[in-house]
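Each chain, written out:
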Amino acid sequence: MGFENIERMFAPRSVAVVGASEKPASIGATIINNLLEEGFRGHVFPVNSNYENIAGYPAFKSVRDIPCKADLVIVATPIATVANIVEDCADRGFGGAVIISAGGRETGKTGVAVEAEILETIRGSDFRIIGPNCLGITSSRVSLSAGICRRLPLPGKMAFISQSGAICTAILDFAAKEHIGFSHFVSLGSMLDVDFADMIDYLGCDSKVGSILLYCENLSRIRNFMSAARAVSRVKPIIALKAGRTIAGASAAAVRTGVSTGEDAVYDAAFKRAGIIRVKTFAELFDCAEFIGKQRPPGGHGLAILTNAGGPGVMAADALGDYGMAPVGLSRKTLKKLDNVLPLNWSRSNPVDILGDASADRFSAAAEILIEAPEVNGLLIMLAPRNMSMPTRVAQALAVRLAGRAFPIFTAWLGGLDVEEGRAVFNRAGIPSFDSPERAVRAFVDLYHYSRGIEMLQEIPSKLPGEQYFDTKAARSIIGAGISRKNGQLFEKETEQLLAAYGIFVDPVKTVKNYKLAVGVKRDKEFGPVLFFGLGGEFTEVYKDRSLALPPLNRVLARRMMEETRIYQVLAGKSGFDPACTVELEALLIRLSQLVTDFAEINEIGINTLVIHENRTVAVKARAAVSYPPVKAPLHLCISAYPNQYEEEIHIEGAGSFLIRPIRPEDADLLEDLFNALSSASVHQRFFQSLKRLPRHMLSSFTQVDYDRQIALVALREDGERGKMIGVSRVIIQHGQKSAEFAITVSDSWHGKGIGAALLKKCLDIARQRNIEKIWAVVLPENVKMIALGRKQGFAVRRCQESSEYLLTLDLKENVREPEHFCAAG
């Protein structure tokens, strides 16, 4: 289902309230009052058969009587009545419903059945549901308070999505106190229909949303969630507080929601892979939200600490140490500049202690120097109240000079009543302010980890040396034999043969003299196969030194996985450790990842003793188990895998033979070579602007695609060891919709030889397989070859009214309604 109706719900022109009332303190009265008091400017339709008028509006007996197609319906009636109400709304073409009513799955089997009945009524329609058992939604840009939230938050660029209504109300109170603004507040409740994935996708496309905060206890449609989060986290931060981290917490969440919460360590790995900042406590969510709402993320971990007291400076340095970091070392140039403005007995190091009698001018001068220092990526300014310090006056002076700076600046005014006004000054100026060094440092570290996570998402992996060969036929035969057994366990020899089919060799007689490693995979009931790497042998359970990752892997992800363990740091730090060993370990993890990508039947593989011998990885002890999977490969993965079924050798008369295949992350160099071979005219026709080179972030986004969201194909010709990329085509699916945009680029020297036509035909075939109904592109008028190709392939060509560009559209199914565009026939 598309996002058009979600947009109608969050920017409605008309709202119906089913269960509206004038009874004081009732839910129906609260909803009506919230709509009107917060200044909603659209039409309001109360629905209650017991009233003629409610709050000055005519009351309707049923949603069937409403004189227009309402964009949003708020339902606050007993859960048993909801299915009929929703069915009537869907039949009338309404946008969607926010169901406040409780009594669903959280009550047990009866509630599950009620929810199933509600969901069945919208099957096959575009009607969307938020809830049931939710608090409602708010949208500041249209002054919408659709639910039972007590207040509308201040306008801002943060969106908050929660499964818990109580968490929503708590954050609203906190936001009002700290002057934090929000664009959206969404209480998802039971997530019968609209879930975290839908909201992340929707909010990710809203330019007025700068960051997204989540409170979640469990996830639904995890593959969709990972796809949405990986796409959106590249352009705006996502912060998640995942409850149920402990056994007791998970049990409590399951009782409350009726759904289990899953293994916490796997959620950690998933959030990391998706580029999500995970916080562990309510306070940390607040602090991280405040920081991210007021400051940009730091570009590095170089934190400078400016303080008027030594003790707080030591506490801040200790807090950094807890995260494996330290205050940044100051350069001689920076120290000399500070010497010129500070007393002789200042600390001459970082933390920069400017003494207890520091004035506002002294704070300001030191802060300006530290901000300009190239080694500093963020500045923490702390003040401890002393007899000679004036917390409010210092805060006012700093706020005037530092507000609006494009640099991470945050403060910690330590104490209670004496410094409250100073903290309030910073909040009003948009500068984060905390009440302790530890909270301030933690918020900085969270944001630094976010920037590192984005770097990882954009890092371009290189290819492994040599060709990778996998004997899938042999592996399939072995797995088939194991599944035929009741316990699914593979015999020792079968396990060796299975691993050998993917280039992982087992030598059970190998003498183990050194450190031991463990690698393997286990099927998680929510996320599918999960890989692990860490310390092996008899100390595996003692030290619990392991990292988890989700397949598929590339070299960057494999290396990051290893770097997260203490045992790898020990190995890499040993004298005589050959870097070739790192490559071998990367290769092993990638091979194991490919094995579990290809076969959903694998339930578990454990290599508890893995050694590096003569720069080769050798498994000494391994086990494996298989079973019938819930879904077939590759849909058993929560991250889309390389679709090798789209590889095809083609021959074009007069041009030769080519390989058309999906693009890979390792293709960045080949794509860069193709770009460099393009003429300036071809670059302009493809990108609608002049580019001298492809920036690294563009190379990353073009090659590291989500195959669920994009069809990106390349045409390759044999040319030495690497081959040569001579063309690339891309179909970008409008997520949640049935339309897609396409683009084609072909090297100038290969124009007119059928490469573009072959790429486009392949893309159209795949689009039809994915039930895409319409494909389109905007083309510059000088790109006559693309316009001619479109006409030849059956595209309708129209001139845009408001520009000189052309719109090419093609219906992939008959009797499809024309999409709304700003173009007319020409």
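Look above for the structure.
Quick caveat: nothing in here was measured; it's all calculated off a predicted structure. (Residues numbered from 1 in each chain as written. Predicted model: local features only at pLDDT ≥ 70, side-chain atom pairs only at ≥ 80, totals over all residues. Heavy atoms only, no water.)

(A) Representation of the overall build of the protein within the structure. Within the protein one finds 27 helices and 32 strands. The C-alpha radius of gyration computed for the protein amounts to 30 Å, which stays within 12% of the reference 28 Å derived for 826 residues, consistent with globular compactness. In terms of overall dimensions, the protein has a C-alpha envelope of 80 × 75 × 65 Å along the principal axes. With 826 residues in all, the protein has 57% of them scored as buried. (Helix = DSSP H or I, 4+ residues; strand = E, 2+ residues; numbered from the N terminus. Rg over C-alpha atoms; globule rule 2.2 N^0.38 Å. Buried < 20%, exposed > 50% of the residue type's maximum accessible area, 1.4 Å probe, protein only.)

(B) The arrangement of helix α26 (residues 755-769) in detail. In this model, α26 (15 residues) spans 22 Å end to end at C-alpha, consistent with the 21 Å of a helix rising 1.5 Å per residue. Here α26 has its buried residues at I755, G756, L759, L760, K762, C763, L764, I766 and A767. Positive phi shows up at N771, right after α26, with a value of about 65 degrees. (Expected span 1.5 Å × (residues − 1).)

(C) Representation of the packing of helix α20 (residues 555-563) against helix α22 (residues 579-598) in the model. Direction vectors running N to C along α20 and α22 enclose 110 degrees, while the axes themselves pass 9 Å from each other. Between α20 and α22, the angle falls in the class roughly perpendicular. Within the contact between the two elements, α20 uses R555, A558, R559, M561 and M562 and α22 uses T582, V583, L585, E586, L589 and I590. Split by residue class, the contact of α20 with α22 holds seven nonpolar, one polar and three charged. (Axes fitted to C-alpha atoms, helices over the stretch in contact; angles between N-to-C directions. Parallel < 35°, antiparallel > 145°, perpendicular 65-115°, else oblique. Contact = heavy atoms within 4.5 Å. Nonpolar A, V, L, I, M, F, W, Y, C, P; charged D, E, K, R; others polar.)

(D) Expanded view of the pattern of salt bridges. Within this structure, the stated rule accounts for 39 salt bridges. As a salt-bridge pair, R405 and E368 come within 2.7 Å of each other at their nearest N and O atoms. One end of the pair, R405, is in the loop between α14 (391-402) and β18 (409-413); the other, E368, is in helix α13 (residues 360-372), and 37 residues separate them in sequence. Overall, E368 belongs to the buried group, its relative accessible area being 17%. Through salt bridges with shared partners, a single ionic network connects R128, D193, D195, D198 and R221. (Salt bridge = Lys/Arg side-chain N within 4 Å of Asp/Glu carboxyl O.)

(E) Focus on the packing of aromatic side chains. With the rule as written, the count across this model stands at 19 aromatic pairs. A connected cluster of aromatic rings, assembled from ring pairs, spans F225, Y267, F271 and F527. Here the guanidinium or amino end of R485 rests over the ring plane of F491, the centre of that ring lying 3.8 Å away. Its guanidinium or amino end placed over the ring of W750, K753 lies 4.8 Å from that ring's centre, counting from NZ or CZ. (Phe/Tyr/Trp six-rings, centres within 6.5 Å; stacked < 30°, edge-to-face > 60°. Lys NZ or Arg CZ within 6 Å of the ring centre and 35° of its normal.)

(F) Quick peek at the pairing of strand β23 (residues 602-613). One ladder, built from five bridges, connects strand β20 (residues 517-524) with β23; its direction is antiparallel. Bridge pairing in β23 places V521 opposite I605. Taken together, the ten bridges between β23 and strand β24 (residues 616-626) define a ladder with antiparallel strand orientation. By the bridge assignment for β24, V611 is matched with V618. Here β23 hands over to β24 after two residues, with E614 in that stretch at a positive phi of 50 degrees. (Pairing = 2+ DSSP bridges.)

(G) Looking closely at the side chain of S747. Note that S747 resides in the loop between β29 (739-746) and α26. The class for S747 is buried, based on a relative accessible area of 4%. Ignoring sequence-local partners within four residues, the contact set of S747 consists of L674, A677, L678 and I726.

(H) A look at the state of the cysteines. Counting across every chain of the model gives zero disulfides. Lacking any disulfide linkage, C168 is separated from the closest cysteine sulfur, that of C149, by 5.8 Å. Owing to a relative accessible area of 1%, C168 belongs among the buried residues under this scheme. (Disulfide = S-S within 2.5 Å.)

(I) Representation of the packing of α13 against α14 within the structure. Direction vectors running N to C along α13 and α14 enclose 35 degrees, while the axes themselves pass 9 Å from each other. Crossing of α13 against α14: the hand is right-handed. Taking contact as the criterion, the partners of A360, F363, S364, A367, E368 and I371 in α13 are, on α14, R393, V394, A397, L398, R401 and L402. Residue composition of the contact of α13 with α14, by class: eight nonpolar, one polar and three charged. (Left-handed = near helix turned anticlockwise from the far one by under 90°.)

(J) Geometry of the pairing of strand β10 (residues 154-162). The pairing of β10 with strand β11 (residues 181-187) spans seven bridges and is classified as parallel. The residue bridging L154 from the neighbouring strand is G181, located in β11. Considered for its hand, the β-α-β crossover made up of β10, helix α5 (residues 165-178) and β11 is right-handed. Two strands pair when backbone bridges link them, and β10 and strand β12 (residues 211-216) are joined in this way by five bridges, in the parallel orientation. Looking at β12, one finds that A159 is bridged to I212. (Right-handed = clockwise from strand over helix to strand, strands pointing away.)

(K) Examining unusual backbone geometry more closely. In this model, G131 is joined to P132 through a cis peptide bond whose omega is 0 degrees. Here P132 lies in the loop between β7 (128-130) and β8 (136-139). Residue P552 follows P551 across a cis peptide bond; omega there is 0 degrees. With a phi close to 70 degrees, A25 is a non-glycine residue in the positive phi region. Within the secondary structure, A25 is located in the loop between β1 (14-18) and α2 (27-37).

(L) Spatial organisation of the sheet that holds strand β13 (residues 238-242). Spatially, β9-β8-β11-β10-β12-β13-β14 is the arrangement adopted by the seven strands of the open sheet, whose pairing is mixed. At either end of the open sheet lies a strand with only one pairing partner, and these are β9 (144-147) and β14 (277-279). Adjacent strand axes in the sheet meet at a mean angle of 20 degrees when their direction is disregarded.

(M) Here's a closer look at the sheet that holds strand β30 (residues 774-779). Pairing in this open sheet of eight strands is mixed, and the strands run β25-β26-β27-β28-β29-β30-β32-β31 from one edge to the other. Strands at the two margins of the open sheet, each flanked by one partner only, are β25 (648-652) and β31 (796-799). The sheet shows a mean angle of 25 degrees between the axes of neighbouring strands, taken without regard to direction. Pairing geometry for strand β26 (residues 656-662) and strand β27 (residues 710-717), over four bridges, is antiparallel.

(N) Structural context of the environment of L635. Along the polypeptide, L635 turns up in the loop between β24 and β25. Linking L635 and A600, residues 35 residues apart in sequence, is a C-alpha distance of 8.4 Å.

(O) Just the environment of F225, in detail. Within the secondary structure, F225 is located in helix α7 (residues 222-232). The residues contacting F225, other than those within four sequence positions of it, are F196, A197, I200, L214, L219, S220, F271 and I276.

(P) Here's a closer look at helix α11 (residues 310-322). The end-to-end C-alpha distance of α11 is 19 Å, a good match for the 18 Å that 13 residues give at a rise of 1.5 Å each. When we look at burial in α11, the residues that qualify are P312, G313, A316, A319 and L320. Along α11, the residues classed as buried sweep out an arc of 120 degrees about the axis, all on the same side. Against the buried residues of α11 lie β15 (303-307), β17 (378-383) and α16 (437-458). Following α11 by one or two positions, G324 has its phi on the positive side, about 75 degrees. (Arc of directions from axis to C-beta.)

(Q) Up close: the environment of I277. Relative to the helices and strands, I277 is located in strand β14. Residue class for I277 comes out buried when judged on its relative accessible area of 5%. Taking the C-alpha atoms as reference points, I277 and L447, 170 residues apart in sequence, are found 7.8 Å from one another. Not counting residues up to four positions away in its chain, the partners in contact with I277 are I238, I239, A240, C288, I292, D446 and Y450.

(R) Representation of the side chain of R661 in the model. Looking at the element boundaries, R661 is found in strand β26. There is a polar contact of 2.8 Å between the side chain of R661 and the side chain of D667. Not counting the four nearest positions on each side in its chain, R661 is found in contact with Y642, Y646, E647, D667, A712, L713, V714 and L716. (Polar contact = N/O pair within 3.5 Å; in protein donor to acceptor, adjacent residues only side chain to side chain.)

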